[in-house]
Each structure stands twice: as structure tokens, then as C-alpha cells.
Amino acid sequence: TAEEPYQISTATGLKWFRDVVNGANGQTQNTGACAVLTGSIDLNNEKWTPIGNESNKYTGTFDGQGYTINGLNIDDADQLYVGLFGYIEGAAIKNLTVAGTVKGSKSIGGIVGGAAKNSTIENCRNNCRVTSNAANGGSPSAAGIVSWASNSIIVGCVNTGMIEANGGYTGEAGGIVSTLSASVTIRNCCNTGEVKVSGNGDFGLYEAGGIVGFAGQYGEGEAVYDCFNVGTLKAQGKVYVGGVVGRNSAAKVYNCYNAGTMTGPSIGGVVGSNSKTVENCYYLDSTAEKAIAENDAKYGTVDEATGPKTAVELGSGTVLALLINGRAD
């Protein structure tokens, strides 16, 4: 239970816990089992099966207590929603770092593949290289923390790993989240890793963002704020590239900044394509010509404050004061 969780300190114990959640290898299934790490763990690059999936959604609380799971190794082109955790609903994953490699076809995340129904991912760090390669002409999507999120909160998370989405005819990659669906909040997160999208020529539509690839699948009520990107963004093909969000059609994006270098066909210092709200966001002037590469004149609103800043302004406290914006917190 949350009050009396399993205490895990070995790779054997973590695999046993996964089998309990998944109902595998003879274990009585408990998708709501809770656990804490009592030490860092090395999985020694042994092939890993995610904790939870679409059929057996994880619903418990997993507290890493600041420890690291090293040697995570996933290479699964068949399963949808891949990460240390595959799919979670109403779960809480917190205070955890993962390191290793995670590969798959669609919805690939370092910490979680898919999160829904009031899930929380808090104070987590991804040091994995995360790669999504399109299978059978599908849509790749990759992110450092969680690939697909709906009705969830992601707070205080960091990505340092390389994130890649390759092939297909549509796809997304984000340092923190690749695709936001309805009612997701992302705050106090940052990306320092490289985010790379290799699209299929000039066909299809792709998104790459320092924090979020695409904000707006199937819903509204999303927010991305108090976040920053200093990671490099690289894109080829028909890709919207944004220092914070690649394509925004549902989120309010505010109090964010980008200082990461960017290459691609359609680059925005803050957002690549926007049809929602952007406020009080800034970007290093040498990284892009405009804050928003393409803004929908009918639905996209961008306040007067949002715009370029010099390296001196970013480094001297000028931008910090603008981001604090009179707040007591």
C-alpha cells in the first residue's frame, strides 16, 4: 500500500514488482501495488519489459526516493506505450532517475510511455537515449519523461538524454512530453538533451519541441509554464520546431524560455506553429528569427512581451526578473 510500500533495492526485486503489476511469471496481479526504492539499481542492460501496459494499467505509487535505475534496456517495436513504465492511470511516479536506452515504434518515453486519468509524474529525470522508429509507415513519438499524456500533471522533471523520432508520415518528439492530450499541466521542467526529428521528406507533418512536441491532441485545458530548454533541436522534413513547443493548438504557454540552438525548416524561438496562447516567453536572439514561426491570426494570441533577448539579458538577471513577474513564490 502507499502507507506500507514494497521496499526495493535490487534488480531482482524490481523485476518481481513488475511481474506483480503485470500478473506475469506466476505472480498474483496487483496493478495498484506501491513501492519505494531504498537504493540505486543496475539492470545490467538486460532486456526490460515495461511495468504496466494498455491491458494492465499501473495505478499505484512508485517513489524512487532520489535513487537511479541504471542499465535500462528496452527494444520493442511491437508494443504501444513503452518506457520503464508502459501505461499508467491515476498513478504517481516520483523522485526517480533512469539511465540506459529505450527504443520502440510509437509512444516511447524514458520514464513512462502513456499517462492518463489524473496521473502525476514528479521530480523525475531521464538520462536514457530514447528512440522511436516508425513501423509500417506509422507515426513515431518519443520523449524524455512521458510520450503521450492526458489529464495528468508533470512537474519538476528533467531530460538530459537524446530524444529521436524517425520515419513515418507524422510524428512528434519533445524533451519532456511528445504529445499532450486534454487537460495536462507541465510546470517547472527543463530539457538539456538533444531532440531530433527525421521526417519522410516533404510529406506528412512533424513536430519537435524542447519541452513538448505537439500540444493539442483531442482536447483543451493544457498548460506549459515555468519551463526552459537549452538542448539542441534538429529537424529534417516538414517539421515545426519550437524552443518550448513544436506545435501548439490547445495549451497556454507562459513564463518559459529557450536558449537552445535549432535547425529545421520552420523554426520558432518559443513555438513553431501556434493557434492558442503564448505569454511572457523569451528566447536567445541568435537561435531563431521569430518567437513564433507561424501564428494563426484567428486563434493564436501572443503578448507583446514575448520575444528575443540577448545572451547578456538572459545571463544578467533581466529575463529572470521578467519571468518572476512580481510573484512572491
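The numbers attached to residues start from 1 for each chain and follow its sequence in the written order. Totals for whole chains, interfaces and linings use every residue, but because this is a predicted model, local features are given only for residues with pLDDT of at least 70 and side-chain atom pairs only at 80 or more, for both listing and counting. Calculation of side-chain values draws on the structure's entire complement of heavy atoms; hydrogens and water are dropped beforehand.

**Student:** I would appreciate a short explanation of the side chain of Asn280 in the present structure.
**Tutor:** Think of it this way: any DSSP run of H or I at least four residues long counts as a helix, any run of E at least two long counts as a strand, and we number them from the N terminus. Here Asn280 is to be found in the loop between strand E33 (277–279) and strand E34 (282–284). Burial classes: relative accessible area under 20% of the type maximum marks a residue as buried, over 50% as exposed, and values in between as partly exposed (1.4 Å probe, protein chains only). Using a relative accessible area of 9% as the deciding quantity, one classes Asn280 as buried. Here Leu322 takes part through its backbone oxygen, which lies 3.0 Å from a polar atom of the side chain of Asn280. The contacts of Asn280, once residues within four sequence positions are left out, are Tyr254, Asn255, Cys256, Asp303, Ala305, Thr306, Leu322, Leu323 and Asn325. Here a polar contact means two N or O atoms within 3.5 Å. Within protein one must be a hydrogen donor candidate and the other an acceptor candidate, and residues neighboring in sequence count only if both atoms are side-chain atoms. Residue contacts follow a heavy-atom distance rule, with two residues in contact if any of their heavy atoms lie within 4.5 Å.

**Student:** When you look at the environment of Ile267 in this model, what are you seeing that I'm missing?
**Tutor:** Position of Ile267 among the secondary structure elements: in strand E31 (residues 266–268). When the C-alpha positions of Ile267 and Ala134 are compared, they lie 23 Å apart, and in sequence the two are 133 residues distant. If we skip the residues at most four places from it in the chain, Ile267 touches Val241, Met262, Thr287, Ala288, Lys290 and Ala293.

**Student:** So what exactly am I meant to see when it comes to the pairing of strand E22 (residues 212–215) here?
**Tutor:** Every regular strand shows the same layout, with side chains that alternate between the two sheet faces. Bridge count for strand E17 (residues 177–180) against E22 is 3 bridges, and the pairing is parallel. The residue bridging Leu180 from the neighbouring strand is Ala215, located in E22. Both E22 and strand E27 (residues 245–248) contribute to a ladder of 3 bridges, which runs parallel. Residue pairing in the sheet places Phe214 in a bridge with Arg247 of E27. Two strands qualify as a pair provided DSSP detects at least 2 bridges between them.

**Student:** Is there a simple way to explain the environment of Ser183 in this structure?
**Tutor:** Take Ser183: it is sitting in the loop between E17 and strand E18 (185–187). C-alpha of Ser183 to C-alpha of Lys94: the two residues are 89 residues apart in sequence and 20 Å apart in space. Discounting residues that sit within four places of it in the chain, Ser183 has contacts with Asn151, Ser152, Glu220, Gly221 and Glu222.

**Student:** Honestly, the side chain of Asn258 in this entry has me stumped. Any pointers?
**Tutor:** Topologically, Asn258 is positioned in strand E29 (residues 257–258). A distance of 3.3 Å separates the side chain of Asn258 from the backbone oxygen of Gly269, its partner in a polar contact. Look past the residues within four positions of Asn258 in its chain and what remains in contact with it is Asn229, Gly243, Gly269, Tyr282, Tyr283, Leu284 and Thr287.

**Student:** Is there a simple way to explain the sheet that holds E22 in this structure?
**Tutor:** Across a sheet, paired strands are connected by hydrogen bonds in the backbone, their directions being either parallel or antiparallel. Strand order in the open sheet formed by 8 strands is E5-E8-E12-E17-E22-E27-E32-E35, and the pairing between neighbours is parallel. Looking at strand neighbours, the two that pair on one side only are strand E5 (85–89) and strand E35 (292–295), the edges of this open sheet. Direction aside, neighbouring strands of the sheet carry axes that sit 5 degrees apart on average. Relative to strand E12 (residues 146–149), strand E8 (residues 112–116) runs parallel, the two being bridged by 3 bridges. Its bridge partner lying in E12, Gly114 is registered against Trp148. Where helices are involved, their axes are fitted lines through C-alpha atoms of the stretch in contact, as for all axes, and angles between N-to-C directions lie from 0 to 180°.

**Student:** Would you take a moment to explain the sheet that holds E31 for this structure?
**Tutor:** The strand order across the open sheet built from 6 strands is E7-E11-E16-E21-E26-E31, with neighbouring strands paired in parallel fashion. Strand pairing shows two members of the sheet lacking a second neighbour, strand E7 (108–109) and E31, which therefore form its edges. Pairing analysis gives 4 bridges linking strand E21 (residues 205–209) to strand E26 (residues 239–242), with the strands arranged parallel. Paired with Gly209 across the strands is Gly242, a residue of E26.

**Student:** Where do I start with helix H1 (residues 11–22) in this structure?
**Tutor:** For an α-helix the count is 3.6 residues per turn, leaving residues at separations of three or four pointing the same way. The span one expects for a helix is its residue count, reduced by one, times 1.5 Å. End to end, H1 covers 16 Å across 12 residues, agreeing with the expected 16 Å (1.5 Å per residue, within 8%). Among all positions in H1, only Gly13, Leu14, Phe17, Arg18, Asp19, Val20, Val21 and Asn22 are buried. Looking at the buried positions of H1, the neighbouring elements they touch are strand E1 (6–8), strand E2 (35–37), strand E3 (41–42) and strand E4 (61–76). In the segment just after H1, Gly23 is the residue with positive phi, at about 65 degrees.

**Student:** Looking at this structure, how should I read the pattern of salt bridges?
**Tutor:** Close approach of charged atoms allows side chains with opposite charge to pair. Every case where a carboxyl oxygen of Asp or Glu lies within 4 Å of a side-chain nitrogen of Lys or Arg is listed as a salt bridge. The final tally for this structure, using the stated rule, is 8 salt bridges. Two residues, Glu46 and Lys15, come together in a salt bridge whose shortest N-O distance is 3.2 Å. Placement of Glu46 in the loop between E3 and E4 and of Lys15 in helix H1 is noted, with a sequence separation of 31 residues between them. Given the relative accessible area of 43%, Glu46 is considered partly exposed. Across the salt bridge formed by Glu207 and Arg247, the nearest N and O atoms sit 2.7 Å from each other. Within this pair, whereas Glu207 is found in strand E21, its partner Arg247 is found in strand E27, the two being separated by 40 residues in sequence. Glu207 gets classed as buried once you look at its relative accessible area, which sits at 1%.

**Student:** Would you take a moment to explain unusual backbone geometry for this structure?
**Tutor:** Leaving glycine aside, a negative phi is the common case for residues, and trans is the common case for peptide bonds. Phi at Tyr81 takes a positive value of approximately 70 degrees, unusual for a residue other than glycine. In this structure, Tyr81 sits in the loop between E4 and E5. You can call Tyr81 buried: its relative accessible area is 11%. In this structure, Asn118 takes a positive phi of about 65 degrees despite not being glycine.

None of this, on its own, says anything about what the molecule does.
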